[in-house]
Amino acid sequence: MREVAADFFRNHFCVAVDKDEVVLFAGEYEREVIRRHVFGSFGAMLEASAKHPAMLVYLDNAVSRRPPTKAELKEIELPVRLEKKSKQAGRAASDIAAQRGLNENYARKLLELHTLGVDNGYSQRDVEHVARALTGRTYRDEPGQPIEFLFRPEMHDPGDKRFLHTLIKDDFQDPQSEGEDVLAILKEHPGTTRFLSHKLCRHLVSDDPAPELVERVAAVFRRTRGDIPSLLRAIAGDPAFFAPENHRAKLKRPFEFVVSALSLTGAEIQDARAILVVLRELNENLYECKDPTGYYDQAEAWLDPGALAGRWKFAADLAHGEATGVRIPAAFHAELPAGAPERWVEWLLHRLLPTGLDPRAARHLDALVAAELARESSRDLGRLARSLVAAILGSPDFQRQ
Amino acid sequence: MFSLDRRDFLRATGAGLATLRLPLPAGHLRREFAGEEGTPALVVLFLRGGVDALHALVPYGDPRYYEFRPTLAVAPEDAEGERGVIPLDGDFGLHPALAGLLPFWTAKRLAAVVAVGSPHPTRSHFDAQDFMEYAAPGLRTVRDGWLNRYLTGPAATGASSAGQHRRGLALHGLLPRSLRGRHPALAVPEASVRGDGTVLERFAPLYGGSPEEPAAEGDVVVAAGRTTLEALAFFRRLAGEADAGGGPAYPDSPLAQRLRVLARILRAGAGGRIHGAWPGLRDADLYEGRDLPVTTDFRDVLAAVLRAHFRFDVPRDFFPGHRPARLKGLFG
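Computed from a prediction, not measured in an experiment: that's the story for all the values here.

Caption draft 1: Just the packing of helix H11 (residues 211–224) of chain A against helix H12 (residues 228–236) of chain A, in detail. Residue and element names in this part refer to chain A. Between H11 and H12, whose axes approach to 9 Å, the crossing angle comes to 155 degrees. Taken as axis vectors, H11 and H12 run roughly antiparallel relative to one another. In the packing of H11 onto H12, the handedness of the crossing is right-handed. Residue-level inspection shows Arg216, Val217, Val220, Phe221 and Thr224 of H11 in contact with H12, the latter providing Ser230, Leu231, Ala234 and Ile235.

So this is what it looks like as structure tokens:
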């Protein structure tokens, strides 16, 4: 359950290591933000992500600062105006300078992706005011000092902010509290409650979860103030979770496919980097999502015509011992009922796919066994076992959760 | 290197193959790849991270450009070891890193349209991207990409309606949204581009694949498996043809290798000109006081390409809620 939740929230609060220094912070981010809070509250994870250097760099809040003051703008405008002998040129220069500074990227993604969801009752003005309230939240990066969250008051944009009809008073004494106020509003906002509940149900139950289910989960969110284990229990204990129409309704994402294949076969991992290469070929590079949305978890995003080739290739390579860096141990095959290959399909399904195969795939597996046993010479039961494992891992049913 | 995987391409043919299941005569394929008459093709590269158009095609004739970008601007000419713009027409020039495009410009095979964009005011990168690929700004109910709508659209004018088939293909493991929709389009995964396809066909019996054994209603996994098998078989034939054809050497990068197969089908267009209306960079003209305003709706450009290149009579409802204006001069 911990891994399922960590996977969900790693995508929800996505960072990508190909942006600037994020690569240096991502490991700690996973440990201190995602995993530390995965059995805690959503709000705590939100606040931790908002303070972590990985997120501050990834979505640019680390460089977001107040626009220049009027006096500072005058200092920019005057020389340009005199030099070009044009009032307009001076104003243009100061307009440009005025726009430099505030970076709305994190504020926008905070509302659009982390909490409320897109178009969920906030305006461009809200984004701007949230960005202003969050100015100054950056990180310390000095020799000999730990790299950690740092509030720089000189970068903070003073003045009152208005956000979702709430006035956030200018706090001269403690400007850092303005950002905390914003996060406090967001973490239990009804919009956040609905957005998160829907997204969790979509992740765990079905690509298009029933509104009643989402509402039941949202009620738990409100009652427990976003306690993540309570939310997971509510979903796993809901009748909808066991409803026939939701049985195996979810497609495994490439990450889930690879992880399940490795863990169910007890594969030994000699070089974890090889797994990253496989995930890349399956278009789900770990920590390298192109968009801060995280990877999509609906089948539509992964089931393009042609898309199964990569999964089959991995299934075949892993089963036949040709995958780089990972290997199914001899012990796995040693447990097969010796001298009774006609029982191998049953045994392997019990290990790898307890919910069973569809009739067509089951017939194919039986045919593989029959063909091998029918060989007069050069019968190779090891090859048979490997072929059966490949077929199960590449079957339609193994692609489903 | 994996930034390349965001760049998908499409190729759609105006005539030819009835379905991918038919055995394809080799000569037919060679004709297609050699770019003989009668098979217009379109390659779409979508730069998903967003392209800074003012950096790629520099408006170096507009003095405001240098005011707005005091440090970032590309100089009008080479100076102090810094390379300047490559002038095209006195107003616009290429970024020096794009020097490789100059021969195409000189040969009038390259054109650009400036200040094209979407009329929808969203500042969400992802929504903007989706709106572009669906060519339906603001309409979240549209789920067929604009290229897919072309593939399902009525026959091109002037072509015989019998045997009129169009095909979409993305050289990528996943289809871009612009190509997704009701019309079947193929994604060709990289594994098969590298030519190790035969082992994968051992999985065919798990997915049926014979037409007399249809996939269960709504079984998307089995359906995807069957099209994967089709894609593998289809691409192996194409790749065989391309390898037999020889040609210039391409760099050993994934995108270059993908484009290698396509290069021969490119044709001369409305090249050697900058199209579109340049709005200038005066304060009063800027969008929300900070961005280059849109003077040409991107759907008008898409419509012009479909009309001129495929002789496709763009139906009234092709772009929901938008009747594309005719662009003067683009494609003659």
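Caption draft 2: How the structure looks around the environment of threonine 152 of chain B. Residues and elements named next belong to chain B. Mapped onto the secondary structure, threonine 152 falls in helix H6 (residues 146–152). Taking the C-beta count within 10 Å as the criterion, threonine 152 has 12 such neighbours and is therefore assigned exposed. For the pair threonine 152 and arginine 182, spaced 30 residues apart in the sequence, the C-alpha separation amounts to 7.6 Å. Not counting the four nearest positions on each side in its chain, threonine 152 is found in contact with Arg182 and His183.

Caption draft 3: Up close: the sheet that holds strand S1 (residues 57–58) of chain B. All names here are of chain B. Spatially, 3 strands are ordered S1-S3-S2 in an open sheet, and the strand pairing comes out antiparallel. Strands with a single pairing partner mark the edges of an open sheet, and in this sheet they are S1 and strand S2 (86–87). Pairing between S1 and strand S3 (residues 93–94): 2 bridges, direction antiparallel. Residue leucine 57 lies in a different strand from S3, and its bridge partner there is leucine 94.

Caption draft 4: Region of the structure containing helix H14 (residues 254–264) of chain A. Residue and element names in this part refer to chain A. Inspection of H14 places Pro254, Phe257, Val258 and Ala261 among the buried residues, and these make up the whole buried set. Seen from one end, H14 has its buried residues packed into an arc of 90 degrees, which puts them on one side. On its buried side, H14 packs onto helix H15 (272–281), helix H16 (309–319) and helix H20 (381–393). Taken from the residues just after H14, glycine 266 is the one with a positive phi, measuring 60 degrees.

Caption draft 5: Representation of unusual backbone geometry in the model. Even without being glycine, histidine 165 of chain A reaches a positive phi, approximately 65 degrees. Mapped onto the elements, histidine 165 of chain A comes out in the loop between strand S3 (161–163) and strand S4 (166–168). By C-beta crowding, histidine 165 of chain A is classed as exposed, having 7 other C-beta atoms within 10 Å. Phi is positive for alanine 115 of chain B, which is not a glycine, with a value near 55 degrees. Considering the arrangement of structural elements, one finds alanine 115 of chain B in the loop between strand S4 (112–113) and strand S5 (116–117).

Caption draft 6: Local environment of helix H19 (residues 359–373) of chain A. Residue and element names in this part refer to chain A. Between its terminal C-alpha atoms H19 stretches 21 Å, which fits the 21 Å expected from 15 residues at 1.5 Å a residue. Three or more residues of H19 are buried, namely Ala361, Leu365 and Leu368. Down the axis of H19, the buried side of the element spans an arc of 55 degrees, and every buried residue falls inside it. Across H19 from its buried face, at more than 90 degrees, point the exposed residues Pro359, Asp366, Ala367, Ala370, Ala371 and Leu373.

Caption draft 7: Spotlight on the environment of alanine 54 of chain A. All names here are of chain A. Here alanine 54 shows up in helix H4 (residues 53–58). Between the alpha carbons of alanine 54 and valine 17 there is a distance of 8.6 Å; along the sequence they are 37 residues apart. Not counting chain neighbours up to four residues away, the residues in contact with alanine 54 comprise Val15, Val22, Phe25, Ala26 and Tyr29.

Caption draft 8: Up close: the packing of helix H1 (residues 2–12) of chain A against helix H2 (residues 22–37) of chain A. Residue and element names in this part refer to chain A. In the contact formed by H1 and H2, the axes pass within 9 Å of each other and the chain directions differ by 110 degrees. The orientation of H1 relative to H2 falls into the category roughly perpendicular. Like other packed secondary-structure pairs, H1 and H2 cross with a definite hand, here right-handed. Two secondary-structure elements touch here, H1 through Ala6, Phe9 and Arg10 and H2 through Glu30, Ile34 and Arg35. For the contact of H1 with H2, the residue count by class is 3 nonpolar, no polar and 3 charged.

Caption draft 9: The arrangement of the nonpolar core in detail. Residues and elements named next belong to chain A. Judged by nonpolar contacts, the single largest core of 58 residues is most densely connected at Ala54, Val130, Val217 and Ile235. Ranked by residues supplied to this core, first place goes to H2 with 6 residues. The residues touching isoleucine 235, leaving out its near neighbours within four places in the chain, are Leu200, Cys201, Leu204, Val205, Val217 and Phe241.

Reading the values: the criteria
- Residues numbered from 1 in each chain as written.
- Chains lettered and ligands numbered in written order.
- Predicted model: local features only at pLDDT ≥ 70, side-chain atom pairs only at ≥ 80, totals over all residues.
- Axes fitted to C-alpha atoms, helices over the stretch in contact; angles between N-to-C directions.
- Helix = DSSP H or I, 4+ residues; strand = E, 2+ residues; numbered from the N terminus.
- Parallel < 35°, antiparallel > 145°, perpendicular 65-115°, else oblique.
- Left-handed = near helix turned anticlockwise from the far one by under 90°.
- Contact = placed C-beta atoms within 7 Å.
- Buried ≥ 20, exposed ≤ 12 C-beta atoms within 10 Å, placed from the backbone.
- Pairing = 2+ DSSP bridges.
- Arc of directions from axis to C-beta.
- Expected span 1.5 Å × (residues − 1).
- Nonpolar A, V, L, I, M, F, W, Y, C, P; charged D, E, K, R; others polar.
- Core = buried A, V, L, I, M, F, W, Y, C linked by C-beta atoms within 7 Å.

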